[in-house]
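Each chain is listed here by its residues.
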Amino acid sequence: MNSLFHAAAAIFTSPELLGLIVLGTLIGYVIGAIPGLNAGNVIAILMPLGLRMDPLSLMVFFVAIYGVSELGGSWPGITLNVPGTPASAAVALDGFPMAQRGEGDRALGASTMSAFIGLLIGAILLGTVTESIGSYALKFGPALMLSITVLGVSAMASMTGQSYVGSIIAGALGLALGTVGVGPLTGAPRGTFGILELRGGLPLLPVLIGLFGFAECLVLARKSGGELLPGGVVKNFGTISRTIDGMKEALKYKGVLVMGSVIGAAIGFIPGLGATIASWVAYGEARRWLKPNVPFGEGAIEGIVAAETANHSAVGGALIPTIALGVPGSTATAIIMAALLLQGVTPGPAFLAANAQIVSELAVSIMVGSVVMWILGLLLSRYFARLALLKTRTLIPIIAIASLIGGYAGADSLFDMGIVVLFGWFGLLFERTGVSRPVFIIAFILGPLIEKYFGQSIRIADGDLSAVVFATPLVTSIYVVTILFLLLPFARSLSKRHRNATSVRE
Amino acid sequence: MENEADGTAADARTRYFDTALGLLFDILLFALAVALFVSILGVRGLDFGYPVTMLAILAASVVWDGSKRLRTLADCYRTMPARPSMQDNLRAVTAAWRTSGIIAGAVLYPFIITPIGLLPATFAVMIILQLFAGRPRTINLILIALAVTAAIWLAFGYLLELPINMWPGGDE
């Protein structure tokens, strides 16, 4: 607790950090409200800017964008039935019917208050749990770190993406391309095809910007071609007092607030699940508990509260494994981790031990950010919601140029700009063929770490692979869980086939 | 992928082309895995064994996916109409035209930055990208290109001080 007070003092006495929180909040609102864009896309494009900051400022800035973008995404969902992010679709389910009834302000208020509580609880968990996990993880040897990192990639592969084989291809491709460059043991170049620029490996920044920035504008161009995004008319929005009423009403559902926050933080912690699944699971649970009395799907404020708290506490949840173990819990945290790696900082137990205060500072910055978010939400929600009507034909060239110049800015290299275009094209192909971009990027980021831990553990075990897998009961259990994660999609597919066969027979 | 027989004939055509694209992508990834393997022959020890294991997993999963796609392709071929409708053709060509144009504009950008400078290159490429992304009014086209060029100068030229020519043969 003491460290949280010190962190608060550090944040409040730094105008730069406070400025970054406000700027990050505004950017988060804007990108969340524009359908087709998400925190991952924009953090990737803004990474050259982040690389010029110190690690704490970078994390504070990017986490503010990440946390607030989800709320920004809920507003056009409530006002126009056009959720700005996939995770906010559950909020729109009850938010839009409320707006149609003329209670849009109340829905926006409830959504803002629930997001505030969710972020706050996520931040408290981040500030209290991360350090304990990190200090425990400091005792982990390379064999255990290897198993945890492999588990992170496998969990992501089995939980994300439309197609399981697509996720496996994405993971394998990410790990394979992560080995390009000079080998860590012999110093011999691998997979560089004689290109000097590749000796240090495929550059992370342009790969990220290509996959999440440039690819996004290609995907948008294929889908819409410049017409207005689907949506209705913003209506029934008037006074701040009704927004405040919605906020007060959300606070009445204490049980739903706590349940949503716990579900969100727990699901956010597991790599690959993230805010989208958290919001749907919390919505489903609230519906299961309260259904006989509450008209879910017809404008029930409880639905907004459950989905929105889970959506936001998942942010803190996803940051815990990223910082404590170096295993990102979501795409956005993977990109934040990539930004830290580019600064020469490797998140994980060793980083945490050397910079114990950074978690408290980050947790406090999220709390401050949630207050800023709450105030701006109260004042500006109805205006931000209109951003959903922005024309994609305006957006596409801007994203494209920002991605290209952002790719250049990382290393002042036109070669990197070419990598942005190449991986942008790859991203479009990934999207069209069901190969998961988040899985690829997590495997690509964690690949070199897996190779490092593998090299260390195999040397300790004198080249005996079984000694690596069966190093300790915990390591073996983690590999068992990894295998279970990999088998999970098969089990799901078998049960689906069984259900289909049963319904056909009936 | 399991229910290819369902849906309309037009859906089957879309699935057919998406599956064919997926198959081509699988072939590309397989070729990439082989090329990477060939390029690391001669490297010794773990520096060889680890990437080869990853490449083997990649190749195996690509072959697995490719075989599934081949079966889907055959199913779609049976159910799709002999001739696509004019509307389907137009939609497919327009989408391909838009993305190809944006990629072409992006490829052009690094090549023209050095000879003509960052700002004129940004303005020119913004015009090209906007033309392919949609059909804005001429005045909007120019205003947006100017605004983005000014923003690029402010962010990357003035604030981040990128070491790059802003104008043809001009100062960095």
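Chemist: When you look at the overall build of chain B in this model, what are you seeing that I'm missing?
Modeler: Scanning chain B from terminus to terminus reveals five helices and zero strands. Secondary structure elements of chain B, listed N to C terminal, follow the sequence α-α-α-α-α. In chain B, buried positions account for 29% of the 172 residues.

Chemist: Just to check I follow, could you spell out the overall build of chain A for this structure?
Modeler: The helix and strand inventory of chain A stands at 21 helices and two strands. For chain A, the C-alpha atoms occupy an extent of roughly 70 × 60 × 50 Å along the three principal directions. Looking at the 506 residues of chain A, the share that counts as buried comes to 61%. Considering only contacts in chain A between residues 6 or more positions apart, those separated by 24 or more positions represent 80%.

Chemist: Explanation requested: the interface of chain B and chain A in the structure shown.
Modeler: The extent of an interface is frequently quoted as the accessible surface area lost upon association of the parts. Counting residues at the interface gives 52 residues for chain B and 48 residues for chain A. Mapped onto the side of chain B that touches chain A, the elements with two or more residues apiece are helix 1 (9–40), helix 2 (46–79), helix 3 (86–116), helix 4 (118–133) and helix 5 (138–159) of chain B. Broken down by element, the residue count for the side of chain B that touches chain A peaks at 13 residues, all from helix 2 of chain B. Broken down by class, the residue content of the side of chain B that touches chain A amounts to 36 nonpolar, nine polar and seven charged.

Chemist: How should helix 4 (residues 55–80) of chain A be read in this particular structure?
Modeler: Since the α-helix advances by 3.6 residues per turn, residues separated by three or four positions end up pointing in the same direction. All names here are of chain A. With 26 residues, helix 4 ought to run about 38 Å at 1.5 Å a step, and its terminal C-alpha atoms sit 38 Å apart, in line with that. Across the 26 residues that make up helix 4, a large majority, 24, are buried. Asparagine 81 occupies a position one or two residues after helix 4 and carries a positive phi of about 60 degrees.

Chemist: Would you take a moment to explain unusual backbone geometry for this structure?
Modeler: Excluding glycine, most residues fall at negative phi; most peptide bonds, likewise, are trans. All names here are of chain A. Even without being a glycine, phenylalanine 193 presents a positive backbone phi close to 50 degrees. Topologically, phenylalanine 193 is positioned in the loop between strand 2 (189–190) and helix 9 (204–223). Assessed through the 11 C-beta atoms surrounding it within 10 Å, phenylalanine 193 is described here as exposed.

Chemist: Any chance you could explain the packing of helix 2 (residues 15–33) of chain A against helix 16 (residues 357–384) of chain A here in plain terms?
Modeler: All names here are of chain A. Where helix 2 meets helix 16, the axes come as close as 9 Å, and the angle between the chain directions of the two elements is 45 degrees. In this view, helix 2 runs oblique relative to helix 16, as classed from their interaxial angle. Crossing handedness for the pair helix 2 and helix 16: right-handed. In contact with Leu17, Ile21, Val22, Gly24, Thr25, Tyr29, Val30 and Ala33 of helix 2, helix 16 contributes Ser365, Val368, Gly369, Val372, Met373, Leu376 and Phe384.

Chemist: Explanation requested: helix 19 (residues 437–460) of chain A in the structure shown.
Modeler: All names here are of chain A. The terminal C-alpha atoms of helix 19 lie 34 Å apart, and with 24 residues this matches the ideal 34 Å at 1.5 Å per residue to within 8%. Within helix 19, 17 of the 24 residues are buried, leaving the element largely enclosed by the surrounding structure. Just past helix 19, the residue aspartate 462 takes up positive phi, approximately 55 degrees.

Chemist: I keep staring at the environment of threonine 186 of chain A and nothing clicks. Help me out?
Modeler: With respect to the secondary-structure elements, threonine 186 of chain A resides in the loop between strand 1 (181–182) and strand 2. According to the C-beta neighbour criterion, threonine 186 of chain A is partly exposed, with 14 such atoms within 10 Å. Sequence separation between threonine 186 of chain A and phenylalanine 384 of chain A is 198 residues, and the spatial gap between their C-alpha atoms is 54 Å. Among residues more than four places away in sequence, those in contact with threonine 186 of chain A are Val43, Arg44, Gly45 and Asp47 of chain B.

Chemist: What's the story with the nonpolar core in this structure? I'm lost.
Modeler: Formed by 214 residues in total, the largest nonpolar core has its most connected members in Ile43 and Leu208 of chain A together with Ile102 of chain B. With 15 residues, the top contributor of residues to this core is helix 4 of chain A. With residues near it in sequence (within four places) discarded, isoleucine 102 of chain B still touches Cys217, Leu218, Ala221, Ile396 and Ala400 of chain A together with Leu129, Phe132 and Ala133 of chain B.

Chemist: Would you explain the packing of helix 3 (residues 39–50) of chain A against helix 17 (residues 392–411) of chain A in this entry?
Modeler: Between two packed helices, both the angle of their axes relative to each other and the distance between the axes serve to describe the pair. Residues and elements named next belong to chain A. Where helix 3 contacts helix 17, the two axes come as close as 9 Å, and the packing angle between them is 35 degrees. Classified by chirality, the crossing of helix 17 by helix 3 is left-handed. Across the interface between the two elements, Ile45, Met47 and Pro48 of helix 3 pack against Ala402, Ser403, Gly406, Ala409 and Gly410 of helix 17. Looking at the contact of helix 3 with helix 17 residue by residue, the classes come out as five nonpolar, three polar and no charged.

Chemist: Where do I start with the confidence of the model for chain B in this structure?
Modeler: Interpreting fine coordinate detail is not advised for predicted regions of low pLDDT. Looking at chain B, pLDDT values average 84 and 88% of them are 70 or higher. A low-confidence stretch, residues 1–6 of chain B (pLDDT under 50), is modelled with eight contacts involving residues beyond four sequence positions or located in other chains.

Chemist: Explain the confidence of the model for chain A to me, please; I cannot follow it from the model alone.
Modeler: All names here are of chain A. When pLDDT is averaged across chain A, the result is 85; 95% of the residues are at 70 or more. The secondary-structure element of chain A with the lowest mean pLDDT is helix 1 (residues 2–12), recorded at 78, while helix 18 (residues 414–433) shows the highest, at 92. Every residue in residues 225–233 is under pLDDT 50, and counting partners more than four places away or in other chains gives 24 contacts.

Chemist: Help me out: how do you make sense of the environment of isoleucine 11 of chain A in this one?
Modeler: Residues and elements named next belong to chain A. By secondary structure assignment, the location of isoleucine 11 is in helix 1. Sequence spacing of isoleucine 11 and leucine 362 is 351 residues, and the spatial spacing of their C-alpha atoms is 9.1 Å. With residues up to four places along the chain from it excluded, the contact list for isoleucine 11 reads Leu17, Glu361, Val364, Ser365 and Val368.

Calculation rules
Residues numbered from 1 in each chain as written. Chains lettered and ligands numbered in written order. Predicted model: local features only at pLDDT ≥ 70, side-chain atom pairs only at ≥ 80, totals over all residues. Helix = DSSP H or I, 4+ residues; strand = E, 2+ residues; numbered from the N terminus. Buried ≥ 20, exposed ≤ 12 C-beta atoms within 10 Å, placed from the backbone. Contact = placed C-beta atoms within 7 Å. Nonpolar A, V, L, I, M, F, W, Y, C, P; charged D, E, K, R; others polar. Expected span 1.5 Å × (residues − 1). Axes fitted to C-alpha atoms, helices over the stretch in contact; angles between N-to-C directions. Parallel < 35°, antiparallel > 145°, perpendicular 65-115°, else oblique. Left-handed = near helix turned anticlockwise from the far one by under 90°. Core = buried A, V, L, I, M, F, W, Y, C linked by C-beta atoms within 7 Å. pLDDT = per-residue confidence, 0-100.

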